[in-house]
Amino acid sequence: MPLLRRFSSVQRSMTTQAISLIGLPAAKIGAIITMSNNLIIRRVAVLGAGVMGAQIAAHFVNAGIEAVLFELADKDGPNNGLVDRAIKGLAKLKPSPLATPEVSGLITAANYQDHLHLLTDCDLVVEAIAERMDWKKDLYERIVPHLSDHAMLVTNTSGLGIGELAKQLPESLQSRYCGVHFFNPPRYMHLVELIPHAGTDQTLMDGLEAFLTTAVGKGVVRAKDTPNFVGNRIGIFSIASTLHHTREFGLTFDQVDALTGPAIGRPKSATYRTADVVGLDTLSHTISTMRDTLPDDPWHRYFVNPGWLDALIEQGALGQKTGQGVYRKQGKVIEVLDPESGDYRASNMSVSDDIKAILAEKNQVAKFKALHDSDHAEAQFLWAIHRDLFHYCACHLADIAESARELDEAIKWGYGWALGPFELWQAAGWQQVAEWIREDIDAGKAMDATPLPDWAFDGRAAVHGPEGSWSPAENGWSARSDLAVYRRQMQPPRLLGESVSKGHTVEDLPGARLWTLHEDTLIISFKTKMNTISPDVVDALNRAIDLAESSYRGLIIWQPEGAFCAGADLYSAMTTIRAGKIDDFRSAVEGFQTACQRLKYSLVPTVSAVRGLALGGGCELMLQTSRCVAALESYVGLVEAGVGLLPAGGGLKEMAIRAIDANPRGDAFGDLQTYFTQIAMGKVAGSALEARAFGYLTDQDIVVLHEHELLHVAHQQVNALSESGFRPPLRNTNRPAFGDVGAATLKMLLVNMHAGQFISDYDLEISERIATVLSGGAIDRGTPIPESWWLALEREHFVTLAQQEKTLERMAHMLKTGKPLRN
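What you are looking at is a predicted structure, and each value in this text was computed from that prediction instead of being measured. (Residues numbered from 1 in each chain as written. Predicted model: local features only at pLDDT ≥ 70, side-chain atom pairs only at ≥ 80, totals over all residues. Heavy atoms only, no water.)

Undergrad: Would you take a moment to explain the overall build of the chain for this structure?
TA: A tally of helices and strands in the chain yields 31 helices and 23 strands. Computed over the C-alpha atoms, the radius of gyration of the chain is 28 Å, within 12% of the 28 Å expected from 2.2 N^0.38 for a compact globule of 823 residues. With respect to the principal axes defined by its C-alpha atoms, the chain has extents near 80 × 65 × 60 Å. Put simply, the chain has 823 residues, and 57% of those count as buried. Sequence separation of at least 24 residues holds for 71% of the intrachain contacts in the chain that already meet a minimum separation of 6. Element-wise, carbon and sulfur atoms account for 52% of the exposed surface of the chain, whose accessible area totals about 33,400 Å². With 77 positive and 97 negative side-chain charges, the chain shows a spacing of 4 Å between the two charge centroids. (Helix = DSSP H or I, 4+ residues; strand = E, 2+ residues; numbered from the N terminus. Rg over C-alpha atoms; globule rule 2.2 N^0.38 Å. Buried < 20%, exposed > 50% of the residue type's maximum accessible area, 1.4 Å probe, protein only. Contact = heavy atoms within 4.5 Å. Areas by Shrake-Rupley, 256 points an atom, 1.4 Å probe, with all protein chains shown as cover. Lys, Arg positive; Asp, Glu negative; His and termini not counted. Charge placed at Lys NZ, Arg CZ, Asp CG, Glu CD.)

Undergrad: Looking at this structure, I do not really get the pattern of salt bridges. What am I missing?
TA: Pairs may arise between side chains of opposite charge once their charged atoms sit close together. Summed over the entire model, instances satisfying the criterion amount to 42 salt bridges. A salt bridge links glutamate 423 to lysine 412; its shortest N-O distance comes to 3.0 Å. Remark: lysine 412 occurs in helix H17 (residues 404-415) and glutamate 423 occurs in helix H18 (residues 421-427); sequence separation between them is 11 residues. Taking relative accessible area as the criterion, glutamate 423 reaches 1% and is therefore assigned buried. Between arginine 822 and aspartate 763 there is a salt bridge; the shortest N-O distance is 3.2 Å. With arginine 822 in the segment after helix H31 (805-817) and aspartate 763 in helix H29 (residues 761-775), this pair connects stretches of sequence that are 59 residues apart. (Salt bridge = Lys/Arg side-chain N within 4 Å of Asp/Glu carboxyl O.)

Undergrad: Mind showing me how you'd approach the nonpolar core here?
TA: A general tendency of soluble globular proteins is for nonpolar side chains to be buried together. Core analysis: the largest hydrophobic core is formed by 134 residues, its most contacted members being Phe60, Leu124, Leu208, Phe211, Leu212, Ile524 and Tyr696. The element that contributes the greatest number of residues to this core is helix H20 (residues 535-551), accounting for 8 residues. Counting residues in hydrophobic clusters, the runner-up holds 103 residues, among them Val221, Ile239, Leu312 and Ile385. (Core = buried A, V, L, I, M, F, W, Y, C linked by side-chain atoms within 4.5 Å.)

Undergrad: Could you clarify how one ought to interpret empty space enclosed by the protein in this entry?
TA: Rolled over the atoms, a probe as big as a water molecule pinpoints where empty space is left. The full count for this structure, using the stated rule, is 1 cavity of 30 Å³ or more. As a volume, the largest cavity reaches approximately 40 Å³. Every residue along the wall of the largest cavity is listed here: Gln491, Pro492, Trp558, Pro560, Arg611, His708 and Leu711. Its residues assigned to classes, the lining of the largest cavity shows 4 nonpolar, 2 polar and 1 charged. (1 Å grid on protein atoms, 1.4 Å probe; cavity = no way out; pocket = protein on both sides within 12 Å on 5 of 7 lines; lining within 4 Å. Points joined across faces, edges and corners; volume = space filled by probe spheres on them. Nonpolar A, V, L, I, M, F, W, Y, C, P; charged D, E, K, R; others polar.)

Undergrad: So what exactly am I meant to see when it comes to the sheet that holds strand E21 (residues 702-704) here?
TA: Adjacent strands of a sheet pair through backbone hydrogen bonds, lying either parallel or antiparallel. Taken together, 7 strands build an open sheet; the order of strands is E15-E16-E17-E18-E19-E20-E21 and the sheet is mixed. Of all strands in the sheet, those bounded by a partner on one side alone are strand E15 (504-508) and E21. With strand direction ignored, the average angle separating the axes of adjacent strands in the sheet is 25 degrees. Strand direction decides the pairing type here: E15 and strand E16 (residues 512-516), joined by 4 bridges, are antiparallel. From the neighbouring strand, threonine 505 faces E16, where its bridge partner is tryptophan 515. (Pairing = 2+ DSSP bridges. Axes fitted to C-alpha atoms, helices over the stretch in contact; angles between N-to-C directions.)

Undergrad: Where do I start with helix H8 (residues 202-215) in this structure?
TA: Working note: α-helix, 3.6 residues per turn, so residues spaced by three or four point in the same direction. Taking 1.5 Å per residue as the helical rise, H8 with its 14 residues ought to reach 20 Å, and the 19 Å between its terminal C-alpha atoms agrees with that figure. With respect to burial, H8 is a largely interior element, 11 of its 14 residues being buried. For H8, the complete set of buried residues consists of Leu204, Met205, Gly207, Leu208, Glu209, Ala210, Phe211, Leu212, Thr213, Thr214 and Ala215. One side-chain oxygen of the residue at the start of H8 lies 2.8 Å from the amide nitrogen of threonine 203, identifying that residue as aspartate 201. Following H8 by one or two positions, glycine 217 adopts a phi angle in the positive range, close to 85 degrees. (Expected span 1.5 Å × (residues − 1). Polar contact = N/O pair within 3.5 Å; in protein donor to acceptor, adjacent residues only side chain to side chain.)

Undergrad: Please explain the environment of threonine 271 as it appears in this structure.
TA: Along the chain, threonine 271 turns up in the loop between helix H10 (253-259) and helix H11 (272-278). As a C-alpha pair, threonine 271 and threonine 242 span 29 residues in sequence and 7.8 Å in three-dimensional space. Apart from the residues lying within four places of it in its own chain, the contact partners of threonine 271 are Thr242, Val256, Asp257 and Thr260.

Undergrad: Is there a simple way to think about the side chain of serine 238 in this case?
TA: Positionally, serine 238 belongs in helix H9 (residues 231-248). Assessed through its relative accessible area of 7%, serine 238 is described here as buried. Apart from the residues lying within four places of it in its own chain, the contact partners of serine 238 are Arg266, Leu389 and Trp417.

Undergrad: For this particular structure, what's the right way to read the sheet that holds strand E1 (residues 43-47)?
TA: Pairing is mixed across the open sheet formed by 8 strands, whose spatial order is E3-E2-E1-E4-E5-E6-E7-E8. The sheet is open, and its two edges are formed by strand E3 (107-111) and strand E8 (219-222), each paired on a single side. The sheet shows a mean angle of 25 degrees between the axes of neighbouring strands, direction not considered. The pairing of strand E4 (residues 124-127) with strand E5 (residues 152-155) spans 4 bridges and is classified as parallel. Bridge assignment links valine 125 to a residue of E5, and that residue is leucine 153. Packed on one face of the sheet, H8 meets E4, E5, strand E6 (177-182), strand E7 (191-195) and E8 and runs near 155 degrees to E8. Contacting E7 and E8, H17 crosses the sheet at an angle of about 140 degrees to E8.

Undergrad: Whenever I open this one, the packing of aromatic side chains confuses me. Can you help?
TA: Given two aromatic rings, their pairing is described by the distance between the two centres and the angle made by the two planes. By the definition in use, this model includes 26 aromatic pairs. Measuring from ring centre to ring centre gives 4.7 Å for phenylalanine 253 and tryptophan 308, while their planes differ by 50 degrees; the resulting arrangement is tilted. Here tryptophan 308 lies in helix H13 (residues 307-315) and phenylalanine 253 lies in helix H10, a separation of 55 residues in the sequence. An identical accessibility class is assigned to phenylalanine 253 and tryptophan 308; each is buried. For the ring pair phenylalanine 669 and phenylalanine 738, a centre distance of 6.1 Å and an interplane angle of 65 degrees mean the geometry is edge-to-face. You can see phenylalanine 669 sitting in helix H25 (residues 669-680) and its partner phenylalanine 738 sitting in the loop between strand E22 (735-736) and helix H28 (739-755), a full 69 residues away along the chain. Ring-pair connections join several aromatic residues into one group, and the members of that group are Phe368, Phe390, Phe422, Trp425, Trp430 and Trp455. Sitting over the ring of phenylalanine 457, arginine 438 keeps its end group 4.0 Å from the ring centre. We note arginine 460 situated over the ring of tryptophan 470; from NZ or CZ to the ring centre the distance is 4.1 Å. (Phe/Tyr/Trp six-rings, centres within 6.5 Å; stacked < 30°, edge-to-face > 60°. Lys NZ or Arg CZ within 6 Å of the ring centre and 35° of its normal.)

Undergrad: Looking at this model, I keep getting lost on the packing of helix H16 (residues 377-400) against helix H19 (residues 430-442). Mind explaining?
TA: When two helices pack together, their arrangement is captured by the angle between the axes and the distance separating the axes. Direction vectors running N to C along H16 and H19 enclose 100 degrees, while the axes themselves pass 10 Å from each other. It follows from the interaxial angle that H16 and H19 lie roughly perpendicular. Contacts between H16 and H19 involve Trp383, Arg387, Phe390 and His391 from the former and Val433, Trp436, Ile437, Asp440 and Ile441 from the latter. By residue class, the composition of the contact of H16 with H19 is 6 nonpolar, 1 polar and 2 charged. (Parallel < 35°, antiparallel > 145°, perpendicular 65-115°, else oblique.)

Undergrad: When you look at helix H12 (residues 280-293) in this model, what are you seeing that I'm missing?
TA: In this model, H12 (14 residues) spans 20 Å end to end at C-alpha, consistent with the 20 Å of a helix rising 1.5 Å per residue. Buried residues of H12: Leu280, Leu283, Ser284, Thr286, Ile287, Ser288, Thr289 and Met290, and no others. For H12, the secondary structure elements touched by its buried residues are H9, H11, H13 and H16.

Undergrad: Just checking my understanding: could you explain the packing of helix H24 (residues 651-661) against H29 for this structure?
TA: Between H24 and H29, whose axes approach to 8 Å, the crossing angle comes to 55 degrees. With respect to their mutual orientation, H24 and H29 come out oblique. For H24 against H29, the interelement crossing comes out right-handed. Only Ile770, Val773 and Leu774 of H29 make contact with H24, whose side of the interface consists of Leu652, Met655 and Ala656. A breakdown of the residues in the contact of H24 with H29 according to their chemical character gives 6 nonpolar, no polar and no charged. (Left-handed = near helix turned anticlockwise from the far one by under 90°.)

Undergrad: Any chance you could explain unusual backbone geometry here in plain terms?
TA: Residues apart from glycine generally show negative phi values, whereas peptide bonds are mostly found in trans. Here the residue pair lysine 94 and proline 95 is connected by a cis peptide bond, since its omega of -5 degrees sits within 30 degrees of zero. Along the polypeptide, proline 95 turns up in the loop between helix H4 (81-89) and E3. Residue proline 185 follows asparagine 184 across a cis peptide bond; omega there is 0 degrees. As for its placement among the helices and strands, proline 185 is situated in the loop between E6 and E7. If you check the backbone angles, asparagine 228 has positive phi at about 65 degrees while not being a glycine. Summarising the element assignment, asparagine 228 is placed in the loop between E8 and H9. For asparagine 732, which is not glycine, the phi torsion reads 60 degrees and is therefore positive. With respect to the element layout, asparagine 732 can be found in the loop between helix H27 (710-723) and E22. With relative accessibility at 72%, the residue asparagine 732 sits in the exposed group.

If you want it as structure tokens, here you go:
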């Protein structure tokens, strides 16, 4: 049994009680202790500062975990030259691997010549160098003498055998070695594959799974030690199959991308655009890896680079990173390669009307029957790529994964599909699709004659159900993991056919559902599109506060799907204004302000559980709850200027108060100026950590790495606040306003921007109104004013702006395009 750092039973009990009581941030929980076996990971080393290794290190520091990033000593400059440039380069990557630009400074730069001693204090060492067995062996020999006797060594290899790599290590270290395969980009891709070899200590695997889940925020799939593991084994096969059938059915690259993107529940980048983004050289390498490591795979002849791919690579046209690949941009025109001529032409992402109609069918059974029965080349192409995918998954499931669950989750989390292959097969009618596949095999239409396994024809209708997911290895249903870390996920997404408790509905209102999971805490979940704020939602908020204050310990605002709240219902607002119902509109604004004030001054704790978009009114809700629990991937901002308005749910009031309260000695204007610039420019924080830097989250608010743990941590916060004798803030506290002097100073900032045509005349007007409200209006500097004063100013300027034609144009443009209009 390897040595582990462990707490005593007394320490363990005390730590668990403390975490439960105070509701520590998930990142801190993970860094202190993983919940299944008390494996401590305080400091991580990443070996290899390539694009992947540097981004892995970046995500560890995003999570509040100390990281040391190693690279070779630079031959042409300071020894740390290579690693320093890699860390500096993180700021240039899009999307950003850094939750805030500042966190890159938390990565310790190191090189193998000078700093191997730093490994001694690392609890986890992640090797992420090039996919060469000999290079990894040499590196392991170099680092092993410096590892502590409790440290885990893991490899981020995407396809080399974990068992073979383990043989390169001393026997004493082999039990502490496994594969941990992040997907690119590591910050954003939910999937991490965890791959043991025969000698890996299973207790350590459990601890590592808990750490990767809670502390790093990942969806962990345990994979078997086979080439390309689960995600890439299936994902790359699907791409290879698509390349084959593109040629077979005579389709164009842009035609295939129009067919294989959102139309079938896959990302917008579809197939060939994805290849450009990933890099055509990378795609070629992964296909070659499949060819070299799977010589006996019945589909081996799929694993061949088409001629056009080799030709592009030889030309140096590698996709997005070189500006040209399958696609290129010429001025404003997107062009696509014609593989026959080798020339580019304007892209035309079109699909025939008949196939559009089939793909619009929501019932998967009807959709797949129509695709299967159609003679149209596009329909037959879609049937062929799905048939091959289902066939391949069924035949290889037993070899690569424990059950159908791991395969589906790997593809959903690693490739961004709406449904995993088995889920889609199940939705399309399991037995009917299985029969069609068998018919195609018998008719020689399938790429391979290998029959479907017997379990596909045992009368089943599903591979996912209330009992679990089908496991060929067990010849039965495999239940979900019972690791303690998964008890933190109170409402996790489930695969098609699985059951999950929806809690107890207290009241089902037009605007929201009021419900409970724990009997003592009320939850409100909105029903509107993108969880926007409508009059019905405001009514539901008021009802929820009434119930919470009379019968519950606290109130949580949490949305089971999508954005936290994308702001106001613009269509409803615009319709009301166009109809001339200004008094109704003013009343609705005041009603939202009142509901937000009630959240702030509720007699019981109110907690906003935020993930995704929290924009405009959604941000204002968040600002005025007793506590906010935010997933790292929360995108927060007061963005009303983009639609010709200003925040009027208390947002400007709250930011002015935060500036004043943070500077009790009176030097608050610097903060106010920062907040003004953010709001006037409609800036959106790119993470919860950046939202804290923007002032939208306080030091008491919690950042959670795993979004499915939000509801758990929100309940913890309600309990912690309640147990500590919660009292709301005192009402009627007057604060010194910045007044007309403050407003004039803020407006001066706009002069150069307007003169340089960085903002329009209307932007200037909106921004000047924002400055006026933040500063408290036309009063002397230092005049004490109540919150109601700011709220009245917000209403006055909001209602005035809402009646302007340019604002209505901005609102209509946003509704039509989803983008702001600068008129």
